[in-house]
Amino acid sequence: MSYDRAITVFSPDGHLIQVEYALEAVKKGTTAVGVKGKDVLVLGVEKKSTAKLQDPRTVRKIVQIDDHICMTFAGLTADSRILINKARFECQSYKYYYEDPIGVEYITRYIAKTQQKYTQSVGVRPFGVSTLIVGYDSKGFPKLYQTDPSGNFSSWKASCIGRSEKPVKEFLEKNYVDEMDEEQTVRLTIQSLVEVVESGEKNIDIAIMRKNKPIEFLGRTRIADIVKEFEEEKKRKEEED
Amino acid sequence: MDSLVGFVGKNYVLMAGDTNAGRSIMRLKDDFDKLVPIDSHKILAKSGEIGDGNQFCNLIIRNVSLYRIRNETELTTKSVAHYTRRQLATAIRKNPYSVNLLLGGYDKKDQKGSLYYLDYLGSSKKINYGAQGYAALFVGSILDRFWNEDLDFEDGLELMKKCLKEVEKRLIIGTRCFLIKMINSDGISVVEKVMINSEKKNEIEEEN
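A brief report on the enclosed structure follows. (Residues numbered from 1 in each chain as written. Chains lettered and ligands numbered in written order. Predicted model: local features only at pLDDT ≥ 70, side-chain atom pairs only at ≥ 80, totals over all residues. Heavy atoms only, no water.)

A short note on the sheet that holds strand 10 (residues 216-217) of chain A
Residue and element names in this part refer to chain A.
Then, in step 1: The sheet built from 5 strands is open, its strands ordered 8-1-2-9-10 with antiparallel pairing. Strands at the two margins of the open sheet, each flanked by one partner only, are strand 8 (158-161) and strand 10.
Then, in step 2: Here strand 1 (residues 32-36) pairs with strand 8 via 4 bridges, running antiparallel. The residue of strand 8 that forms the bridge with V33 is C160.
Then, in step 3: Sheet contacts for helix 4 (residues 165-175): strand 1 and strand 8; angle to strand 8, the most-contacted strand, approximately 170°. (Pairing = 2+ DSSP bridges. Helix = DSSP H or I, 4+ residues; strand = E, 2+ residues; numbered from the N terminus. Contact = heavy atoms within 4.5 Å. Axes fitted to C-alpha atoms, helices over the stretch in contact; angles between N-to-C directions.)

This is the structure we're talking about:
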């Protein structure tokens, strides 16, 4: 009797095998990193290398959900589109009823609830997507949330999902400090990705979310400059040893 | 009863609405803003049932926002007018919205302003100048006479005030206070909140 057929079935040792398979799908996706600073939020993603004839601008992994909330994901891109669409609709729906902009935790809970629904319904499979959601809460504090295919969600100071989750998380745990300013936060994000992303800075996208300001995507030259600084520092350290 | 006036100028759209909100013979509010911003460069001026106006405008604003977030681009004024008309047209035979609207907007792509007349039955027309409510009875002839497509801002404001003065003079129900807004390439701005007082004689002539 195979316990990985219908997701509504528990395995004898208490696992939802389909959900765990979905987590495996997430581990195959390109890396995404989120870091919270003192008053800034930075998202970094590894872009999948585009084919020669493909237009790289159409492959966007960091998306806006509302004017003040952004998210990124790791896993099945097509599945993420569904979640993003639902989230965008929910944001406007909330504003329609309550006239206030939606809260970051509220929309995270909504996305997580949606993901959980698909683990307990007939004829559907779980979303093969983990998401990182960033925004500022009603008191003005930056918030970073993560959801996964099981429908779990929690708040993080810095987190990573996707391919290189383990090494990047270790790096973040070692190097994260509280109350970083914007420059430090951006550098930490880029640094955490540069080690694990193949072919370096060309395949990294960085987005900065400041309070009450629209999201800003860091320019190619700026990322390249910061990466160059890292490499020079590394060389210097090696020479000193 | 509401008065809304609007016209397109050289590179702007000027819109004005009275600031009364009332129920039958009672004035409930005298600082009611009827010129609702839909996005950064469009105004929906609403007249008619207050509740319907609120609900309907909310619906349009939220859907225009949703489009903007989904597609990372803003809708043109023409598209918003068509969308709004469609909502009114499908509602008229089911659950009608008693609102008459003037939609004014500035499109950065064409660098032009445009104005649309929409009513609760689901009609829509692109116009250069127009009005809703009782103002339409008085203002049409003034705009016919004095409007031209090269009106710069000062002349436009003067023309608007001429229209509003006529409304104040001839409409039997007092609606002296008007809010004037402008849309241009920089977005929406409040031009003036005017109190119109047409010349009145101060003395009562004695009868011989």
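Right, picking up where we left off after that structure.
Observations concerning the pattern of salt bridges
Then, in step 1: According to the stated counting rule, one finds 24 salt bridges over all chains in the structure shown.
Then, in step 2: Across the salt bridge formed by A:D67 and B:R68, the nearest N and O atoms sit 2.8 Å from each other. A residue pair is termed interchain when its members come from two chains, as with A:D67 in the loop between strand 3 (63-66) and strand 4 (69-75) and B:R68 in helix 1 (residues 50-71).
Then, in step 3: B:R68 gets classed as partly exposed once you look at its relative accessible area, which sits at 24%.
Then, in step 4: Salt-bridge contacts for A:E183 lead to A:R187; the nearest nitrogen and oxygen are separated by 3.3 Å. In this pair, A:E183 and A:R187 both sit in helix 5 (residues 182-194), 4 residues apart, roughly one turn of the helix.
Then, in step 5: For A:E183, a relative accessible area of 37% corresponds to the partly exposed category.
Then, in step 6: Each of the salt bridges in this network shares a partner with another, and the network as a whole consists of A:E183, A:R187, A:R222 and A:E229. (Salt bridge = Lys/Arg side-chain N within 4 Å of Asp/Glu carboxyl O. Buried < 20%, exposed > 50% of the residue type's maximum accessible area, 1.4 Å probe, protein only.)

Quick notes on the pairing of strand 4 of chain A
All names here are of chain A.
Then, in step 1: Extensive coverage of strand 4 is indicated by the burial of 7 of its 7 residues.
Then, in step 2: The alternating pattern of strand 4 places I69, M71, F73 and G75 and C70, T72 and A74 on opposite faces, both of which are buried.
Then, in step 3: The pairing of strand 3 with strand 4 spans 3 bridges and is classified as antiparallel. In the strand pairing of strand 4, Q64 is matched with C70.
Then, in step 4: With antiparallel pairing between neighbouring strands as the criterion, strand 3 and strand 4 make up a hairpin whose turn holds 2 residues.
Then, in step 5: Sheet topology places strand 4 next to strand 5 (residues 129-136); 7 bridges connect them, and they run antiparallel. By the bridge assignment, C70 is partnered in strand 5 with V134.

Such coordinate-based values are descriptive only and should not be taken to indicate function.
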